[in-house]
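Coordinate inspection notes
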Amino acid sequence: MSRNIQWYTERVDMPAVDCRLMALWLQDVASSHGRRLGALNYIFCNDDRILEVNREFLRHDYYTDIITFDYSRGLVVSGDMYISLDTVASNAEGLGCGFIQELHRVIVHGVLHLCGIDDKGPGEREIMEANEDRALEMLRLMSLKSDKNTDR
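Just so it is clear, the structure is predicted and the values come from calculations on it, not from any experiment.

1. Quick word on the overall build of the chain
- Along the backbone of the chain there are five helices and four strands.
- Going residue by residue from the N terminus, the α and β elements of the chain occur as β-α-β-α-β-β-α-α-α.
- Dimensions of the chain, computed from the C-alpha atoms along their principal axes, are close to 50 × 35 × 30 Å.
- Out of the 152 residues belonging to the chain, those deemed buried represent 42%.
- Considering only contacts within the chain whose residues lie at least 6 apart along the sequence, 64% involve residues at least 24 apart.
- Roughly 8500 Å² of accessible area belongs to the chain as shown, and the carbon and sulfur atoms make up 48% of that amount.

This is how it looks when you write it as structure tokens:
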């Protein structure tokens, strides 16, 4: 299962991500939307790199926290997701939350896009945020359960 998810870095250090827990969580998120995980590639980068990707592939000239390339087929979600750790950090500061919490939100945001949830149209942002919140609660509960199992 975790072999389906690969974690890469470009121009940044790898953030403190529990890859095993992330794989279990993202599988549960996909399943809760009637989907299965295929190959997911997370590429952590800096603002300069995400701007290059945004310009080259999307013809957008601005920074963003995540760019998701969707290769899903049917009910199997797969894709490449570029995440700017610089933007995640500045967003976390602006929102008054921790870096890892915001990183988790962005990580699941990409999977939710692959599950068919959009955030650009009228009312869609609220739907995306509600799904992110549900997914983050799933992760919180999984983390608590995992912590209890390691305390034994």
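Back to the text.
2. Remarks on the side chain of E132
- With respect to the element layout, E132 can be found in helix α5 (residues 124-150).
- Taking relative accessible area as the criterion, E132 reaches 2% and is therefore assigned buried.
- For E132, the side chain forms a polar contact with the side chain of H109, separated by 2.5 Å.
- Among all residues touching E132, those that are not within four sequence positions of it are R105, V108, H109, L112 and R125.

3. Quick word on the pairing of strand β2 (residues 36-45)
- Within β2, seven of the 10 residues are buried, which leaves the element mostly enclosed by the surrounding structure.
- Relative to β2, strand β1 (residues 5-9) runs parallel, the two being bridged by five bridges. The partner of W7 across the bridge, within β2, is Y42.
- Read from β1 through helix α1 (residues 19-32) to β2, the crossover connection turns out left-handed.

4. A few points about the layout of surface pockets
- Approximately 520 Å³ is the volume found for the largest pocket.
- Contributing to the lining of the largest pocket are 23 residues, with T64, I66, H109, D119 and K120 lying nearest its centre.
- Among the elements of the structure, α2 (47-58), β3 (66-70), α3 (85-95), α4 (99-114) and α5 are those that each provide at least two residues to the lining of the largest pocket.
- If you tally residues by element for the lining of the largest pocket, the top one is α4, at five residues.
- In terms of residue class, the lining of the largest pocket is made up of eight nonpolar, seven polar and eight charged.

5. Observations concerning the sheet that holds β1
- Strand order in the open sheet formed by four strands is β1-β2-β4-β3, with mixed pairing between adjacent strands. Bordering the open sheet on either side are β1 and β3, each of which pairs with just one other strand. With strand direction ignored, the average angle separating the axes of adjacent strands in the sheet is 15 degrees.
- Across the sheet, α3 touches β2 and β4 (76-84), and the angle it forms with β4 is around 75 degrees.
- Packing of α4 onto the sheet brings it into contact with β1, β2, β3 and β4, and relative to β4 it is tilted by some 145 degrees.

6. So, the pattern of salt bridges
- Taken as a whole and assessed by the stated rule, the structure comprises 11 salt bridges.
- Put simply, R49 and E10 hold a salt bridge, and the shortest N to O gap is 2.5 Å. Separated by 39 residues along the polypeptide, R49 in helix α2 and E10 in the loop between β1 and α1 bring together distant segments of the chain.
- Since its relative accessible area comes to 25%, E10 is described here as partly exposed.
- Measuring nitrogen to oxygen at the nearest pair gives 4.0 Å for the salt bridge that ties K120 to D119.
- Given a relative accessible area of 75%, K120 falls into the exposed group.
- Put simply, R105, D119, K120, R125, E129, E132 and D133 are held in one network by salt bridges that share partners.

The rules we used
- Sequence order as written defines the numbering, with residues in each chain counted from 1.
- Under the rules for a predicted model, residues below a pLDDT of 70 receive no local features and side-chain atom pairs below 80 are neither given nor counted, while totals for whole chains, interfaces and linings still include all residues.
- For the side-chain quantities, the full set of heavy atoms in the structure was used; hydrogens and water were omitted.
- Counting from the N terminus, the helices are the DSSP runs of H or I reaching at least four residues and the strands are the DSSP runs of E reaching at least two.
- Under the scheme applied here, a residue whose accessible area is under 20% of the maximum for its type counts as buried, over 50% as exposed, and between as partly exposed, the area being computed with a 1.4 Å probe on protein chains only.
- A contact between two residues is defined here by any heavy atoms of the two lying within 4.5 Å.
- In short, Shrake-Rupley with a 1.4 Å probe defines the accessible areas, and a residue's cover is counted only from the protein chains shown.
- N or O atoms within 3.5 Å of each other form a polar contact, as long as, within protein, one can give a hydrogen and the other can take it, and as long as residues adjacent in sequence are counted only when both atoms are side-chain atoms.
- Should DSSP find at least two bridges between two strands, the strands are taken to pair.
- Throughout, right-handed denotes a crossover for which the path from the first strand over the helix to the second runs clockwise when the strands point away from the viewer.
- Points on a 1 Å grid over protein atoms alone make up a cavity when a 1.4 Å probe fits among them but cannot get out, and a pocket when they form an open set with protein on both sides within 12 Å along at least five of seven lines; lining residues each have an atom within 4 Å of a point.
- Grid points are joined across faces, edges and corners, and a volume is the space filled by probe spheres set on the points.
- Side-chain classes follow a simple rule in which Ala, Val, Leu, Ile, Met, Phe, Trp, Tyr, Cys and Pro form the nonpolar group, Asp, Glu, Lys and Arg form the charged group, and the remainder, Gly included, forms the polar group.
- Whenever a helix is involved, its axis is fitted only over the stretch in contact; in every case the axis is a line through C-alpha atoms, and angles between N-to-C directions fall within 0 to 180 degrees.
- The salt bridge definition used is simple: a Lys or Arg side-chain nitrogen within 4 Å of an Asp or Glu carboxyl oxygen.

Limitation: the analysis is restricted to geometry and does not speak to function.
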